[in-house]
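Understanding the architecture of this molecule
The lines below spell out each chain.
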Amino acid sequence: MNKSKPTTIVIFGASGDLTRRKLIPALYQLVLEGLLAKGTRIVGFARREKSHEQFRVEIEEALVEFARSKPNAGAAELKLFSSSCYYQTGSYDNSKSFHDLKELLEKIDEEQGIPSDRGNRLFYLATPPTVFSGVIAMLGQTGHIADPNDEKRWTRVIIEKPFGRDLETACALNKSILSILDERQVYRIDHYLGKETVQNIMAFRFGNSIFEPLWNRRYVSHVHITVAEAVCVEGRGSYYDNSGALRDMVQNHMLQLLALVAMEPPASFAPNAVRDEKVKLLSAIPPIKLNEVNECSIRGQYAAGTIDGKLIPDYLRENGVHPDSVTETFVALKLHVDNWRWAGVPFYLRTGKALEERLTEVNIEFRQPPLTLFSHIKNGDDIGRSRMKPNMLSLRVQPNEGIRLSIGMKVPGPKMILEPEDLEFCYADVFGVESPGAYERLILDAILGDTTLFIRQDEVEAAWRLVNGVLDGWASEEVPHIHLYRAGTWGPYAADEFITNDIKKSKAL
Ligand code: BG6
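What comes next concerns the included structure. (Residues numbered from 1 in each chain as written. Predicted model: local features only at pLDDT ≥ 70, side-chain atom pairs only at ≥ 80, totals over all residues. Heavy atoms only, no water.)

Remarks on the site of the ligand
The local shell around the ligand consists of Lys161, His191, Tyr192, Lys195, Glu229, Arg236, Asp248, Met249, His253, Lys353, Arg358 and Gln398. Glu229 places a side-chain nitrogen or oxygen 2.5 Å from an oxygen atom of the ligand. Within the contact set of the ligand, an oxygen atom lies 2.5 Å away from a side-chain nitrogen or oxygen of Arg236. Protein burial of the ligand: of its 400 Å² of free accessible surface, 82% is covered by the chains. Considering every element that reaches the shell around the ligand, the biggest residue donor is helix H8 (residues 237–262), with 3 residues. Tallied by class, the residues present in the shell around the ligand amount to 2 nonpolar, 3 polar and 7 charged. (Near = heavy atom within 4 Å. Polar contact = N/O pair within 3.5 Å; in protein donor to acceptor, adjacent residues only side chain to side chain. Areas by Shrake-Rupley, 256 points an atom, 1.4 Å probe, with all protein chains shown as cover. Helix = DSSP H or I, 4+ residues; strand = E, 2+ residues; numbered from the N terminus. Nonpolar A, V, L, I, M, F, W, Y, C, P; charged D, E, K, R; others polar.)

Pasting the structure below:
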């Protein structure tokens, strides 16, 4: 159902990769599916000198390469879409550029027959974080921001991560944003929340009654969240080297996954009801202390190896990476949630680049049955009465999205022997349609004014509080404990050892 109002979407950072690969394809798909109101227009803003025509050609090329419903070059729908796109050359710290932008937006409103006090604006900051505050300040100074209480038109601003590089800078960034905008106008995006399978974590937990009674310390032995990437730094060496896996993936995507897996059921699906529960959950995780950092974290950095037959150089030889860098491209963490539901259940988080394959999965391992009654098979042999593999529920976020439950089953025959087997649900087989991309969902939500899947500032701060503990612990080490791993493997051996031993220890308690 198309409930969106005509909007002009301005993308700052229009020459960047995010715009080309994700934002433009998402907008194109929304238009194709009739989810955006007629009269929706897109304006790219960037430093490079370019005409509207040149921008349109670039858009068409990007769509031929990256759109979900791939058009042929020159296709009518492609031309129609690109004709709704405009370009404004400008610099992020020059008020004249923002006045020129305003003139262009007013001209577009006029062409659409939209009265001058009715134009809705969605500003998307797909820029380096260093200019976030400056761009918002310029928007404020040059009269681009509508009064948040104005019922005839709205202004919303989507801000890409990173929101600061630690707690202090995140608070400072927020202060400067909220000196110009009202919180209702700020949409902090975490694209993981737009993924269908991430939303399905909530549907699975709160739309079904069978698992919720088991979802606690009495039945769950531990939770393991993996976000493995087979890609390396992909031309973003200088950004990544300043960031590392902890800031790039854990502070945002992984802690969001953890929050959805472990939070209490919200009283409704209203934006603040869901976000309140996530904040409560994140605040119940005690930050890792300086003297605990070695027991609770392992960091790694990739060295040369092969992925899919392709030779990968050492991380230290990537463009933009400092040759002596100790930035982590892999991190494994152990966290606890100190609340009634989860006390004593370890949560292991693990993420890295240049790993063997791309895989995002949440594994919930249940406790063993109290008695060992049956024999079971290992490597084809009956190994007698021994502990079965515990039941495991796996929520697969990507790729091959789905859900798997491993249970012990009787092997046919005269003996009572059990073997673990999987009950599986695969999205693609059941629904037979490709899931919408994360940016499609989130941009549409921003246009519709639904903030449920966007991050509130207190979530950002709660997540930084946790990450800061680890960063401080690492910074206090005289010699950084960084484990090298070969590209194309599953990360440092030390991480496997750390998690396996820790699980053994917690089971022995
Ligand atoms: C981004 C990170 O936020 O997420 C990247 O900056 C990472 O480093 C990407 O590759 C992963 O997203 P996805 O959707 O490919 O899992």
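What to know about the packing of aromatic side chains
Inspection of every chain in the model, using the stated rule, returns 19 aromatic pairs. Arranged with centres 5.7 Å apart and planes meeting at 55°, the rings of Tyr427 and Phe431 form a pair that is tilted. Of this pair, Tyr427 and Phe431 both sit in helix H11 (residues 427–431), 4 residues apart, which is roughly one turn of that helix. For the cation-ring pair, Arg56 lies above Tyr86, with the distance from its terminal atom to the ring centre recorded as 5.2 Å. Seen from the ring of Tyr192, Lys195 lies directly overhead, with NZ or CZ sitting 4.6 Å from the centre. (Phe/Tyr/Trp six-rings, centres within 6.5 Å; stacked < 30°, edge-to-face > 60°. Lys NZ or Arg CZ within 6 Å of the ring centre and 35° of its normal.)

Some details on the side chain of Thr327
With respect to the element layout, Thr327 can be found in the loop between strand S10 (310–312) and strand S11 (330–336). The class of Thr327 is buried, set by a relative accessible area of 11%. If sequence neighbours within four positions are ignored, Thr327 has contacts with Tyr240, Asp241, Ser243, Gly244, Gly300, Gln301, Tyr315 and Ile482. (Buried < 20%, exposed > 50% of the residue type's maximum accessible area, 1.4 Å probe, protein only. Contact = heavy atoms within 4.5 Å.)

With respect to helix H2 (residues 52–66)
With 15 residues, H2 extends 21 Å between its outermost C-alpha atoms, agreeing within 8% with the 21 Å of an ideal straight helix rising 1.5 Å per residue. When H2 is considered as a whole, its buried residues turn out to be Phe55, Arg56, Ile59, Glu60, Ala62 and Leu63. One side of H2 holds all its buried residues, which, seen down the axis, span an arc of 165°. Buried residues belonging to H2 abut helix H1 (17–32), strand S2 (41–46), helix H3 (76–82) and strand S3 (85–89). (Expected span 1.5 Å × (residues − 1). Arc of directions from axis to C-beta.)

Note that every value here comes from positions in space, so none of it alone points to a role or purpose.
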